[in-house]
Amino acid sequence: MNAESEFAFIVHRSAFIVANMLQSRRAYSATFWIAFFSFCLVPMFMLGLGFGRYFYARAEAFKSADGAALAASQEVDIPLYVRTGQVVLLPSAHSRAQEYAAFNSSYLVARKIYPRVTDIRVDQAQHKVFVRVEVDVSPLFPGFLSGLTLSGEGEAQVRLQNR
């Protein structure tokens, strides 16, 4: 038996098996479940994983913003604060906040996604420091979701205790 005739036999035998299967109810049931799993359950599972990644990254963004706010609140000009009660941040506040934002986002940094401090505000009335952090989380998701950015805001109270 040569290779061509052997190939023709295999093709003919496969066509016979498929034709036989399509005549039974089991084949239709199996086809239905295969289609159901591939077009419904697998995409729903992947969507669930995507939501989990999104919310975990969102929590990391807020955690890094809180850490950045605490770091920025430690960079207050203390002599000026003692004299006047006014909260003024030192020039090193932004870099310190950026450093602590990276320290508090281990999940994102492990995936080479780095949060960046975009805004530091001071509320003089309440003696609070607010820090806004943005994170581009598009590397966590498929390519068609490019440009997905999360932002979080953290706050810290500025207090000075006399000893």
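Located above this text is the structure these notes cover.
The structure contained in this document is the topic of the report that follows. Every chain is numbered independently, its residues counted from 1 as its sequence is written. Totals for whole chains, interfaces and linings use every residue, but because this is a predicted model, local features are given only for residues with pLDDT of at least 70 and side-chain atom pairs only at 80 or more, for both listing and counting. Heavy atoms throughout the structure, all of them, feed into the side-chain values; hydrogens and water do not.

For the purposes of this entry, the term helix denotes a DSSP run of H or I that reaches at least four residues, the term strand denotes a run of E that reaches at least two, and both are numbered from the N terminus. A count of helical and extended segments in the chain gives five helices and three strands. Each helix and strand of the chain, placed in order from N terminus to C terminus, yields the pattern α-α-α-α-α-β-β-β. To sort residues, take the accessible area from a 1.4 Å probe on protein chains only and compare it with the maximum for the residue type: under 20% means buried, over 50% means exposed, and anything in between is partly exposed. Evaluated residue by residue, the chain yields a buried proportion of 26% over its 163 residues. For the chain, restricting intrachain contacts to residue pairs at least 6 apart in sequence, the fraction spanning at least 24 positions comes to 54%. Surface exposure here means Shrake-Rupley accessible area, sampled with a 1.4 Å probe, where a residue is shielded only by the protein chains that are shown. For the chain, the accessible surface area stands at approximately 11,400 Å², while carbon and sulfur atoms represent 61% of it. Residues are treated as being in contact if the distance between any of their heavy atoms lies within 4.5 Å.

On to a nonpolar patch on the surface, then. Residues with no salt bridge and a relative accessible area higher than 30% make up the patches, which join like charges within 9 Å and nonpolar side chains (Val, Leu, Ile, Met, Phe, Trp, Tyr) within 5 Å. Salt bridge criterion: a side-chain nitrogen from Lys or Arg within 4 Å of a carboxyl oxygen from Asp or Glu. A contiguous nonpolar surface patch, about 540 Å² in accessible area, is contributed by Phe-32, Trp-33, Phe-37, Leu-41 and Met-44. Topologically, Leu-41 is positioned in helix 2 (residues 25-73). You can call Leu-41 partly exposed: its relative accessible area is 34%.

A few words on the sheet that holds strand 2 (residues 128-136). In a beta sheet, neighbouring strands are held together by backbone hydrogen bonds and run either parallel or antiparallel to one another. Two strands pair if DSSP finds at least two bridges between them. The three strands are arranged 1-2-3 in an open sheet whose pairing can be described as antiparallel. Looking at strand neighbours, the two that pair on one side only are strand 1 (116-123) and strand 3 (149-157), the edges of this open sheet. Across this sheet, the average inter-strand angle for adjacent strands is 20°, counted without regard to direction. Here nine bridges tie strand 2 to strand 3, and the two strands are oriented antiparallel to one another. Within strand 3, the residue paired with Lys-128 across the bridge is Gln-157. In this description, a line fitted to the C-alpha atoms serves as the axis of each element, helices being fitted only across the stretch in contact, and the angle between N-to-C directions of two axes falls anywhere from 0 to 180 degrees.

Secondary-structure assignment places Lys-128 in strand 2. Pairs of N or O atoms within 3.5 Å make up the polar contacts considered here, provided that, within protein, one atom can donate a hydrogen while the other can accept it, and that residues adjacent in sequence are counted only when both atoms are side-chain atoms. Among the polar contacts listed, one links the side chain of Lys-128 to the side chain of Glu-155, at a separation of 2.9 Å.

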